[in-house]
Amino acid sequence: MRTTELVDGFRHSAPYVNAHRGKTFVVMLGGEALANNHFRGILNDVALLHSLGIKIVLVYGARPQIDAGLKAAGIEPAYHNGIRITDEDTLKVIKQVAGATQFDITARLSMSLGNTPMQNAQINLVCGNFVIAQPLGVDDGVDFCLSGKVRRIDSQGLRRQLDNNCIVLMGPIGASVTGESFNLTAEEVATQVAVKLKADKIIGFSETNGLSDENGNAIAELMPNQAIEHLAKMEQDGSACTGTTAFVKASIDACRNGVPRCHLVSYLDDGALLQELFSREGIGTQIVTESAERLRRATISDIGGVLNLIRPLEEQGILVRRSREQLEMEIEQFMLIERDNLVIGCAALYPFEEDNAGEFACLVVHPDYRDADRGSVLLNNIIGQARVRGYSRLFALTTRSIHWFLEHGFNIVEVEALPNKKKQLYNYQRRSKILALDL
């Protein structure tokens, strides 16, 4: 990696480091991820998150390992409505597998080898009876035996351990108030823990980097209702995967109960967890209670963000230079697209009331975000504002984006078509093209 790339990487990740510090993440590792060669790398990345001041609850599952253990023991797995029926012999195997998995994770997170990301990590890992379980009972005459569900989470106990700078490790077995052990799903444990802790994120892993659209491209973001529709399509076309489906359903439930964001990334892609959390675009799919992006009116506190966005284009001569003082006076005319507290797009509507017209100006979208037609989002918003104000025409001046305006319904006009005040300010040396849209 060249030095400039390293520096750029640090600079671009810094806002996310600051934003995530002190937050609570529930990381769910399914059995498929644990069995993969990248398992060690994922745990190294979890340790890195912990070192950055993020509070981590690590929940593990072990479906494939349990199935293998049952097969080795000559026990035929039994299911009803997709839920495992856990008799006493099955639970013995599950306990053995879960216990071995717990010790394996503990051993790996205890490493402090030189020349590895774990060097001098000194992580305190805590396990305990933070989950109180109860039996699922009987459904359609079928007794689930020792398959259970979460009855209660000791959120205060969990919070104490997190505040003591410990990673909390939780598995798919919970004890009941009567002293029995019950087999739980890791997805339910992760969801209930996240909801009770008011966690900021749940992070899960699948074979692919999140969910894909019909063209095979990763879907960056889904609201809960959209995720439900997408799962239905996956089930119809046969592309649904048990682990992925279970995590997405759990994420939908978590979002509806107050967890802001649930991330799904690939355990096959080394470093996917870090790319998802510390880069602008991420790499997987987020299921969110509200969009990571929002369109809003600018305020005086946005001056710095707008200047950072427009300065490169001003230096290239694409935009007319605005002083900070000028921008402070005009900032209320601007609309912004904000993502993760970063200004990634802006545009302004300057009024010319005497001519019943408005100017669409200073359209800028950050280079990393120009593939989602955010310019059109800003334009449509400005058009809506102009119509509310009763303007009959919207005009724009440009030296580089003529075709973009033509594609959006503008027509090229002469200087004489400008409002009188704007006509007096027209720069004949710059020779900007003038485009107008009748409203």
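Refer to the structure printed above.
The model shown is predicted, which means the values in this text are computed figures rather than measured ones.

Student: Describe in detail the overall build of the chain, supporting the description with residues and values.
Tutor: Counting secondary structure elements, the chain contains 15 helices and 23 strands. Taking the principal axes of its C-alpha atoms as reference, the chain extends roughly 90 × 55 × 35 Å. Long-range pairs, those at least 24 residues apart, make up 70% of the contacts in the chain with a sequence separation of at least 6. When the accessible area of the chain is evaluated, it comes to approximately 22,100 Å², of which 47% is carbon and sulfur surface. Of the charged side chains in the chain, 45 are positive and 53 negative; the average position of the first set lies 6 Å away from that of the second.

Student: Now, about the sheet that holds strand β10 (residues 166–170): what can you tell me, with residues and values included?
Tutor: Spatially, the eight strands line up as an open sheet ordered β5-β10-β2-β1-β13-β15-β16-β14, and their pairing is mixed. If you trace the sheet from one side to the other, it starts and ends with β5 (124–126) and β14 (221–222), each paired once. Bridging between strand β13 (residues 201–206) and strand β15 (residues 261–266) involves six bridges; their strand directions are parallel. In the sheet register, S206 faces β15, and the bridge partner there is S266. Seen against the sheet, helix α6 (residues 155–163) touches β1 (24–29), β2 (55–60), β5 and β10 and runs at an angle of roughly 140° to β10.

Student: Lay out helix α5 (residues 88–109) in plain terms, naming residues and giving numbers.
Tutor: In a regular helix each residue adds 1.5 Å, so 22 residues correspond to 32 Å; α5 covers 31 Å between its end C-alpha atoms and thus fits that length. Buried within α5 we find T90, L91, V93, I94, V97, A98, T101, I105 and L109. Along the long axis of α5, the arc covered by the buried residues comes to 155°, so they all point the same way. More than 90 degrees from the buried face of α5, the exposed residues found are E88, K92, Q96 and F103. One side-chain oxygen of the residue at the start of α5 lies 3.3 Å from the amide nitrogen of D89, identifying that residue as D87.

Student: An account of the sheet that holds strand β17 (residues 293–297) is requested, with residue identities and associated values reported.
Tutor: Strand order in the open sheet formed by seven strands is β17-β18-β19-β20-β21-β23-β22, and the pairing between neighbours is mixed. The open sheet has two edge strands with one neighbour each: β17 and β22 (411–413). Pairs of neighbouring strands in the sheet enclose a mean axial angle of 30°, with direction left out of account. Pairing between β17 and strand β18 (residues 334–339): five bridges, direction antiparallel. Residue pairing for β18: R294 is matched across the bridge by E338. Its contacts with the sheet put helix α11 (residues 303–315) on β18, β19 (342–352) and β20 (357–365), and the angle it makes with β19 is roughly 85°.

Student: I'd like a description of the pairing of β1, backed by residues and values.
Tutor: Burial analysis of β1 places six of its six residues in the buried class, which makes it a mostly covered element. A two-sided burial pattern is seen for β1, the buried positions comprising T24, V26 and M28 on one face and F25, V27 and L29 on the other. Bridge count between β1 and β2: six bridges; the pairing is parallel. If you follow T24 over to β2, its bridge partner there is K55. Where β1 meets β13, three bridges bridge the pair, whose relative direction is parallel. Paired with V27 across the bridge in β13 is I203.

Student: Just give me the short version of empty space enclosed by the protein, but keep the residues and values in it.
Tutor: For the structure on display, the rule yields one cavity of 30 Å³ or more. Considered as a void within the structure, the largest cavity measures approximately 50 Å³ in volume. In terms of lining residues, the largest cavity is bounded by H38, G41, I42, D45, F205, S266, D269, D270, G271, A272 and L273. Elements with a contribution of two residues or more to the lining of the largest cavity: α3 (39–51) and α10 (272–278). Among the elements that take part in the lining of the largest cavity, α3 stands out by supplying three residues, more than any other.

Student: Describe in detail the pairing of strand β16 (residues 285–288), supporting the description with residues and values.
Tutor: Burial of β16 is two-sided: the residues T285 and I287 facing one way and the residues Q286 and V288 facing the other way are all buried. The pairing of β14 with β16 spans two bridges and is classified as parallel. From the neighbouring strand, E221 faces β16, where its bridge partner is Q286. As paired strands, β15 and β16 are joined by four bridges and run antiparallel to one another. Pairing of C262 across the sheet is with I287, part of β16.

Student: Provide a residue-level description of the packing of helix α8 (residues 224–237) against helix α9 (residues 242–256), including the pertinent values.
Tutor: For any two helices packed against each other, one specifies the crossing angle of their axes together with the interaxial distance. The interhelical angle for the contact between α8 and α9, taken along N-to-C directions, is 160°, at an axis separation of 10 Å. Taken as axis vectors, α8 and α9 run roughly antiparallel relative to one another. Our pair here, α8 against α9, has a crossing hand that is left-handed. On the side of α8, the interface is formed by P224, N225, A227, I228, L231 and E235, while α9 contributes T245, V248, K249, I252, C255 and R256.

Student: Talk me through the nonpolar core; I want residue IDs and the actual numbers.
Tutor: The biggest cluster of nonpolar side chains holds 53 residues, and the ones touching the most others in it are L29, I56, L58, I105, F205 and L394. The leading source of residues in this core is α3, at six residues. Leaving out residues up to four positions away in the same chain, L29 has contacts with L34, F39, I42, L43, L58, V59, Y60, G61 and F205.

Student: I'd like a rundown of unusual backbone geometry, residues and numbers included.
Tutor: The phi dihedral of N356 falls on the positive side, at around 55°, and the residue is not glycine. Looking at where N356 falls in the secondary structure, it is placed in the loop between β19 and β20. Given a relative accessible area of 31%, N356 falls into the partly exposed group. A positive phi angle, near 55°, is found at R431, a position not held by glycine. For R431, the position within the fold is in the loop between α15 (420–425) and β23 (433–438).

Calculation notes
- Residues numbered from 1 in each chain as written.
- Predicted model: local features only at pLDDT ≥ 70, side-chain atom pairs only at ≥ 80, totals over all residues.
- Heavy atoms only, no water.
- Helix = DSSP H or I, 4+ residues; strand = E, 2+ residues; numbered from the N terminus.
- Contact = heavy atoms within 4.5 Å.
- Areas by Shrake-Rupley, 256 points an atom, 1.4 Å probe, with all protein chains shown as cover.
- Lys, Arg positive; Asp, Glu negative; His and termini not counted.
- Charge placed at Lys NZ, Arg CZ, Asp CG, Glu CD.
- Pairing = 2+ DSSP bridges.
- Axes fitted to C-alpha atoms, helices over the stretch in contact; angles between N-to-C directions.
- Expected span 1.5 Å × (residues − 1).
- Buried < 20%, exposed > 50% of the residue type's maximum accessible area, 1.4 Å probe, protein only.
- Arc of directions from axis to C-beta.
- Polar contact = N/O pair within 3.5 Å; in protein donor to acceptor, adjacent residues only side chain to side chain.
- 1 Å grid on protein atoms, 1.4 Å probe; cavity = no way out; pocket = protein on both sides within 12 Å on 5 of 7 lines; lining within 4 Å.
- Points joined across faces, edges and corners; volume = space filled by probe spheres on them.
- Parallel < 35°, antiparallel > 145°, perpendicular 65-115°, else oblique.
- Left-handed = near helix turned anticlockwise from the far one by under 90°.
- Core = buried A, V, L, I, M, F, W, Y, C linked by side-chain atoms within 4.5 Å.

Just geometry here; none of it tells us what the structure is for.
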